[in-house]
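# Structure assessment
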Amino acid sequence: KPSTSSPTTDVKKPIIVIVIGMAGSGKTTLMHRLVAHCHETGKRGYVLNLDPAVTNLPYGANIDIRDTVKYKNVMKEYGLGPNGGILTSLNLFATKFDEVVGLVEKRASELDYVLVDTPGQIEIFTWSASGAIITEAFASTFPTVVTYVVDTPRSTSPVTFMSNMLYACGILYKTRLPLMLAFNKTDVTQHEFAVEWMEDFEKFQDAVECDKSYNANLSRSLCLVLDEFYQNLHNVGVSAVTGAGMEKFFQTVDACRVEYMENY
Ligand code: GTP
């Protein structure tokens, strides 16, 4: 899309990048790489950790949920298991989220990107009231983009790819924010096959229908839904391990900022 110079796009605000992904997709490694890339290239980054259960954070966070909520105490106090403990910790933190937004607002003129790490269990963020409250609190104050991290080597089967994209589609539907897919682990598997499937509806459909164990009608309908979904998507291939694709990642975030300014 062409960039416009309306008054709203000229307001200097950082963009919030909410990083979500299935467990094992490489979210934490990617966050580490993004933070390092900001340091190396002079991008002014600010980092938020929203995972109360993480034991070792390989990067420094400016705001860390663990400083406010002790997840193990929450488990004991409320008699909860690990997932309930994480969810309740996030709920407790969400009640104070206006303070977090206030802190970021104070620093706004000095920042370019605010990178937000979310709990390892994706549904704790995407299917909870507190995830929605946090997302909404950011999106009503700053340009905001959701980055969905895809484990590329584990998505080469068309059916797995479709399931993963349907999940991402649900996230777009729920948040109504610009969404970018970060195809991670491209050092193991390049993401060209995914771009081809997203750009050429028929190639994707042929690939899905090769698998005779799936209902062809359902697959066709889902392909149509996804074709529409892909029109609204940004994507980038990255390797959190080698650092490939980092500059393109931030260029894609910038494209999402333009989209946010035009549509939200
Ligand atoms: P949770 O901690 O369960 O939420 O997982 P996560 O999504 O944060 O993934 P994590 O960063 O812990 O990475 C999972 C595994 O994938 C680790 O063994 C990483 O070393 C590996 N990994 C992450 N990114 C890459 C990558 O770009 N390339 C390769 N080859 N491996 C990667």
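Going by the structure above, here's the rest.
Sequence order as written defines residue numbering, which begins from 1 separately in each chain. Reporting of local features is limited, given that this is a predicted model, to residues whose pLDDT is at least 70; pairs of side-chain atoms are given and counted only at 80 or more, and all residues count toward the totals for whole chains, interfaces and linings. With hydrogens and water stripped out, all remaining heavy atoms of the structure feed into the side-chain values.

### Remarks on the overall build of the protein
We apply this condition: Only DSSP runs of H or I reaching four residues or more are called helices, and only runs of E reaching two or more are called strands; each is numbered from the N terminus. What the globule rule says is 2.2 Å times the number of residues to the power 0.38, and the radius of gyration is computed from C-alpha atoms. Any two residues whose heavy atoms approach within 4.5 Å are treated as being in contact. We count Lys and Arg on the positive side and Asp and Glu on the negative side, and we leave His and both chain ends out. Taken as the charge centre is NZ of Lys, CZ of Arg, CG of Asp or CD of Glu, depending on the residue.
Scanning the protein from terminus to terminus reveals 12 helices and seven strands. For 264 residues, the compact-globule formula gives about 18 Å, and the C-alpha radius of gyration of the protein, at 19 Å, lands near that figure. Structurally, the protein occupies a C-alpha span of about 50 × 50 × 35 Å along its principal axes. The long-range share in the protein, meaning contacts at least 24 apart out of those at least 6 apart in sequence, stands at 76%. Mean positive and mean negative side-chain charge positions of the protein (23 and 30 charges, respectively) differ by 6 Å.

### Things to note about the packing of aromatic side chains
Keep this limit in mind: Working definition: a ring pair exists when centres of Phe, Tyr or Trp rings (six-membered ring for Trp) sit within 6.5 Å. Plane angles under 30 degrees give stacked, over 60 give edge-to-face, the rest tilted. Buried residues are those whose accessible area, probed at 1.4 Å on protein chains only, stays under 20% of the maximum for their type, while exposed residues exceed 50% and partly exposed ones sit between those limits.
One pass over the structure, following the stated rule, counts 13 aromatic pairs. Between the aromatic rings of F161 and F183, the centroid separation amounts to 6.4 Å while the plane-to-plane angle is 10°, which identifies the pairing as stacked. Here the residue F161 occupies a position in helix α8 (residues 158-175), and F183 occupies one in strand β6 (residues 179-184), the gap between them amounting to 22 residues. No difference in accessibility class separates F161 from F183, as the two residues are buried.

### Here's the deal with the site of the ligand
Where we set the bar: We call a residue near a molecule or strand as soon as one heavy atom of that residue lies within 4 Å of the molecule or strand. Two N or O atoms form a polar contact when they lie within 3.5 Å of each other; inside protein one atom must be a possible hydrogen donor and the other a possible acceptor, and for residues adjacent in sequence the pair counts only when both atoms belong to side chains. Computed with the Shrake-Rupley method and a 1.4 Å probe, the accessible areas treat only the protein chains shown as cover for residues. Each residue is assigned to one class: nonpolar for Ala, Val, Leu, Ile, Met, Phe, Trp, Tyr, Cys and Pro, charged for Asp, Glu, Lys and Arg, and polar for all the others, Gly among them.
Taken together, 16 residues form the shell around the ligand, and within it G26, T28, T29, D187 and A240 come nearest. Contacts to the ligand include G24, whose backbone N or O atom sits 3.0 Å from an oxygen atom. At a separation of 3.0 Å, an oxygen atom of the ligand approaches a polar backbone atom of G26. Within the complex, 65% of the 650 Å² of free accessible area of the ligand lies under protein. It is helix α2 (residues 27-41) that provides the largest number of residues to the shell around the ligand, a total of three residues. When grouped by side-chain class, the residues that make up the shell around the ligand number five nonpolar, eight polar and three charged.

### Structural notes on the pairing of β6
Our working definition: By the convention used here, strands pair only if DSSP detects at least 2 bridges between them. By the criterion used throughout, a crossover qualifies as right-handed when its path from the first strand across the helix to the second strand runs clockwise, the strands pointing away from the viewer.
Among the six residues of β6, six are classified as buried, and the element is accordingly described as predominantly covered. Summarising the sheet, strand β5 (residues 144-151) and β6 pair through six bridges and their orientation is parallel. Looking at the pairing, Y148 lines up with L181 of β6. In terms of handedness, the path from β5 via α8 over to β6 forms a crossover that is right-handed. Direction of pairing for β6 relative to strand β7 (residues 233-237): parallel, over a ladder of five bridges. Looking at the pairing, M180 lines up with H234 of β7.

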